[in-house]
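# Secondary and tertiary structure notes
If you want the building blocks of each chain, they are given just below.
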Amino acid sequence: MTAARDPKRLFDAAERTALFLASDGRCEICGNELLPGWHADHEVAWANGGQTDIFNGQATCPTCNLRKGSSGMKLRKWQEDGLRKFLGTQSDFLAVATPGAGKTTFAILAAQSMIDRSEIKNLYVIVPTAHLRGQWARAAKREGIQLDSDFVNRSQTQAKDFDGIVATYQSVAANPLLWRKLACDPRRPSLVIFDEIHHAGDAENLAWGAALSEAFGDAHRRLSLSGTPFRSDGKPIPFLNYDVTRRVVADINYDYGMALQDQEVVRPVAFPAMDGEARWRFASEHPMSQKLSETDASTTAAALKTALDPSGQWIPSVLKRAHEELELMRQDKPDCGGLVVATDQASAHAYAEILRRITGDVVDVAVSDDPAASKVIDRFGKSTSRWIVAVQMISEGVDIPRLGVIVYATRTRTEMFFRQVVGRCVRKQGDEDELCARVFIPSIAQLLTIAAGIERTVDAVLADEESKVRRTTADGEGEGRAPGRTTEVLGSSAAAHAFTISSGDAFEEAELLHARRLGQQAGLPVGTEPSAIARLLRLSGTSAQPGATPEPAVQQTLSEKKKEVRDLITRKVGRLSRITRKPHSHIHSELNRHCQEKAIDQATLDTLNKRLLLLDKWIESA
């Protein structure tokens, strides 16, 4: 049990002088000469009950003290470099680091150092979601900093037993003058940390930037964090620097490619690309059919919407395949979990029901509108449950290290969001963690390109086209389409595993099946990523066994095609009935008369399409 903390946190001027003289002006740990800004350190950490007196004090340089931390943790090189740079300047500072690299630890230690030097009195952390408030407060507590994670604007003032507050960007935007009063008092200088600062540049959140400027423009210091390299394609985000291409310039960068090279922080990730046929119809047009892998800018959004529709065959077959992979991984890592990222709440609940039928388990759903969403995520993170489905709640910042499989079932196609989702499953769990994470993605060119470049370092990451991509809405239907056309889903085929992308290389299904068989014969763990074995086989000049090709996709029969169109007609008749108050039977009779048929079940495919065009015309007139 941790001893009671000394109510006195900081060494006073007389004690600092005594410590400096006792050390002969040199760091007690490394022996280097102490420079201005040296630290009066607790030998037994204050957070662990150490007393604030000269008997428990020592003079240290900032690097040694920060490397030590209250828990004796060893800092990573990027954290040491970043802390040295941050503490050596008075300017605004941006740290970009891949998920799992320790951004939160870096920021908390920076704050701790400034408190120990009596440079600040308060710490304010601004986060994008309510769930992250508790996560930050717990991380700060481990270093002896008490943050109020329940503060609300109507409270107006901070309780005296807190060192600061964790709040959301929304709270600041709601009352920036209150936050200016809290954080910009020159008598109590503050450090303000902006977590995932790129959110202030999202198109729907441009007001956040103005609020941040008003609230924190006169704060003593500002530290911004992001897990993703990003551009500003709208109004520039305050407190950041930009180059001539509108790329944000980071003061310290440690991206996924760098972390993967270090082999200590993140796992490798493979991307099974799932192809399949999508069938849809633009209003007032004939039905269309196309493979996901063959779509272009004019059809990608519609095909993706259709594939992700839970009433089709594509997404259930992808969930089944992902669950089979998860079960293999759980043979090696029994608590390994899976995440499905959905576009909206209706889809999320439908996917959870599909997974329930596949697994027999009740599947948790976390959506931002649910007040209990944070508890759902926390419970899943601590459990051994197989699956959780989420809408945005787990896009970033949420720490569930046991995640090993993700199904990317959202229509959002921006590189930033994609990388944030991938970041949920790449955090290593110790030196013995040899897991290769898997992210199942639709086989569309835009996502395949991002997946192939996921391991490149930041200078090679962002394409020139990103500014256009980031303006794509979450619905993903604004690209290459004439305005006003809505996508009417008909159906989709079962998914076919086209290939897996791993370290930028593509491995086809036959090659992976052969590699997996050889791995099993060699006694490798059953969850071993087959693309890693396939890469070794390629290097040795061994290829997949001849004829080991995946089964061809089942072609849709005429009966199946007509059923899909009849189902759409039924939905349109229902819509027209609601608008006109006419009975369904009356509308069907009118359709039979215009098409010169006795009943819809006797209609040809051509006349079924004619019925659709008539319904479009009647709905528009109504």
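Here is a short report on the structure shown in this document. (Residues numbered from 1 in each chain as written. Predicted model: local features only at pLDDT ≥ 70, side-chain atom pairs only at ≥ 80, totals over all residues. Heavy atoms only, no water.)

## Here's the deal with the overall build of the chain
Looking only at helices and strands, the chain has 21 helices and 22 strands in total. Out of the 622 residues belonging to the chain, those deemed buried represent 54%. Within the chain, counting contacts between residues at least 6 apart in sequence, those at least 24 apart form 72% of the total. Only carbon and sulfur atoms are counted for the fraction: they give 51% of the accessible area of the chain, which is about 27,900 Å². (Helix = DSSP H or I, 4+ residues; strand = E, 2+ residues; numbered from the N terminus. Buried < 20%, exposed > 50% of the residue type's maximum accessible area, 1.4 Å probe, protein only. Contact = heavy atoms within 4.5 Å. Areas by Shrake-Rupley, 256 points an atom, 1.4 Å probe, with all protein chains shown as cover.)

## Digging into the pairing of strand β22 (residues 505-508)
One ladder, built from four bridges, connects strand β21 (residues 496-502) with β22; its direction is antiparallel. Looking across to β22, one finds that Ile501 is bridged to Ala506. Once β21 ends, the chain turns through two residues before running back antiparallel as β22, passing Ser503 with a positive phi of about 50°. (Pairing = 2+ DSSP bridges.)

## What about the sheet that holds strand β14 (residues 288-291)?
Ordered by their spatial adjacency, three strands build an open sheet running β14-β13-β20, and the pairing between neighbours is antiparallel. The open sheet is flanked by β14 and β20 (487-492), the only strands paired with a single partner. Taken over all neighbouring pairs, the strand axes of this sheet differ in orientation by 30° on average, direction set aside. In terms of strand pairing, strand β13 (residues 277-282) meets β14 through four bridges, oriented antiparallel. Of the residues in β14, the one forming a bridge with Arg279 is Ser289. (Axes fitted to C-alpha atoms, helices over the stretch in contact; angles between N-to-C directions.)

## Some words on unusual backbone geometry
With phi around 70°, Gln156 is a residue other than glycine that occupies positive phi space. Structurally, the position occupied by Gln156 is in the loop between β5 (147-148) and β6 (164-168). Judged by relative accessible area, which is 37%, Gln156 ranks as partly exposed. Although it is not a glycine, Phe239 sits at a positive phi angle of roughly 75°.

## Considering the packing of aromatic side chains
One pass over the full model with this rule turns up 14 aromatic pairs. Seen in terms of ring centroids, Trp78 and Phe106 are 5.4 Å apart; in terms of plane orientation they differ by 40°. Their pairing is tilted. Of this pair, Trp78 sits in helix α3 (residues 77-87) while Phe106 is found in helix α4 (residues 103-116), placing the two residues 28 residues apart along the sequence. Centre to centre, the rings of Phe93 and Phe106 are 6.4 Å apart; their planes meet at 35°, and the pair counts as tilted. With Phe93 in strand β3 (residues 93-97) and Phe106 in helix α4, this residue pair connects regions lying 13 residues apart in the sequence. Classification of Phe93 as buried rests on a relative accessible area of 3%. An aromatic cluster is present here, built from Trp78, Phe86, Phe93, Phe106 and Tyr254 joined pairwise through their rings. Positioned above the aromatic ring of Phe86 is the side chain of Arg221, whose terminal nitrogen or guanidinium carbon lies 4.2 Å from the ring centre. (Phe/Tyr/Trp six-rings, centres within 6.5 Å; stacked < 30°, edge-to-face > 60°. Lys NZ or Arg CZ within 6 Å of the ring centre and 35° of its normal.)

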